[in-house]
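Listed here are the chains, written in short residue letters.
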Amino acid sequence: MLPRSKRLPKEEFSHLRRVKVLLSTRKSEHAPYFLIKYKTNGRIYNRFAVIVGTNVDKRSTRRHLWKRRFLARLRMWPDNGKDFLIVTHPAITTLGAADLAQMLSSLGKELFSK
């Protein structure tokens with residue numbers, strides 16, 4: 001689990017209308033298994049939120065497992081003052097933990113080189 005300061009507050013994306021606005025105003029990176037939306041937040045550290053819906057898996061333990069896998073890798077990204085919203089696709093269940101780690105590290109290098 002991330003410290004509270006590094007979590008993107010639920011209030012910023014909890015209401016459906018706000019989610020549509022957030023998703024439309026942020027820059028995005030697409031991967032075959034997930035979507036990353038990001039924007040600057042005016043702080044010196046990054047904040048993260050991972051959305052793993054019931055379309056990925058009906059069991060909450062599995063959804064939480066995917067969320068933990070994402071956050072474990074995202075925690076290693078360097079701080080540069082951005083908010084990241086990760087939305088998973090149902091096909092992520094076919095991905096292994098090592099593949100996810102590799103995908104996130106390469107995507108992180110790409111994002112921070114911009």
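Here the structure is shown first, and the text comes after it.
Below: a short report on this structure. Keep in mind the model is a prediction, meaning the values are calculated, not measured.

## Some details on the nonpolar core
(1) Moving on: Ranked by size, the top nonpolar core spans 21 residues in total, and within it Phe-34, Phe-70 and Leu-74 carry the most contacts.
(2) Moving on: Listing elements by their share of this core, those giving two or more residues are strand S2 (34–40), strand S3 (47–51), helix H2 (60–74), strand S4 (82–88) and helix H3 (97–112).
(3) Moving on: Once you skip the residues sitting within four places of it in the chain, Phe-34 turns out to touch Glu-29, Phe-70, Ile-86, Val-87, Thr-88, His-89, Ile-92, Leu-100, Met-103, Leu-104 and Leu-107.

## Concerning H3
(1) Moving on: Relative to the 22 Å expected for 16 residues at 1.5 Å per residue, H3 spans 22 Å between its end C-alpha atoms, a close match to the ideal helical length.
(2) Moving on: Buried residues of H3: Leu-100, Ala-101, Leu-104, Leu-107, Gly-108 and Leu-111, and no others. Relative to the axis of H3, the buried residues are bounded by an arc of 140° and lie together on one face. Facing away from the buried side of H3, by more than 90 degrees, are the exposed residues Ala-98, Gln-102 and Lys-109.
(3) Moving on: At its buried positions, H3 is contacted by strand S1 (27–30), S2, H2 and S4.

## Remarks on the packing of H2 against H3
(1) Moving on: Where H2 contacts H3, the axes come no closer than 10 Å and their chain directions differ by 40°. Classed by the angle they form, the pair H2 and H3 counts as oblique. For the pair H2 and H3, the sense of crossing is right-handed. Contact residues: H2 offers Trp-66, Arg-69, Phe-70, Arg-73 and Leu-74, while H3 offers Ala-97, Leu-100, Ala-101 and Leu-104.

## Quick notes on the environment of Ala-101
(1) Moving on: Mapped onto the elements, Ala-101 comes out in helix H3.
(2) Moving on: Ala-101 sits in the buried class, given a relative accessible area of 15%.
(3) Moving on: Note: C-alpha distance between Ala-101 and Arg-69 (32 residues apart in sequence) is 8.2 Å.

## So, the sheet that holds S1
(1) Moving on: The strand order S1-S2-S4-S3 describes an open sheet built from four strands, whose pairing is mixed. In this open sheet, the two strands that pair with only one neighbour each are S1 and S3. Here the average twist between neighbouring strands, direction ignored, is 15°.
(2) Moving on: Note that S2 and S4 share seven bridges and pair antiparallel. Residue pairing across strands places Ile-36 opposite Ile-86, the latter belonging to S4.
(3) Moving on: Along the sheet face, H2 touches S2, S3 and S4 and points at about 155° away from the line of S3.
(4) Moving on: On top of the sheet, H3 reaches S1, S2 and S4; it is set at about 30° to S2, its chief contact.

Reading the values: rules and limits
- Residues numbered from 1 in each chain as written.
- Predicted model: local features only at pLDDT ≥ 70, side-chain atom pairs only at ≥ 80, totals over all residues.
- Heavy atoms only, no water.
- Core = buried A, V, L, I, M, F, W, Y, C linked by side-chain atoms within 4.5 Å.
- Buried < 20%, exposed > 50% of the residue type's maximum accessible area, 1.4 Å probe, protein only.
- Helix = DSSP H or I, 4+ residues; strand = E, 2+ residues; numbered from the N terminus.
- Contact = heavy atoms within 4.5 Å.
- Expected span 1.5 Å × (residues − 1).
- Arc of directions from axis to C-beta.
- Axes fitted to C-alpha atoms, helices over the stretch in contact; angles between N-to-C directions.
- Parallel < 35°, antiparallel > 145°, perpendicular 65-115°, else oblique.
- Left-handed = near helix turned anticlockwise from the far one by under 90°.
- Pairing = 2+ DSSP bridges.

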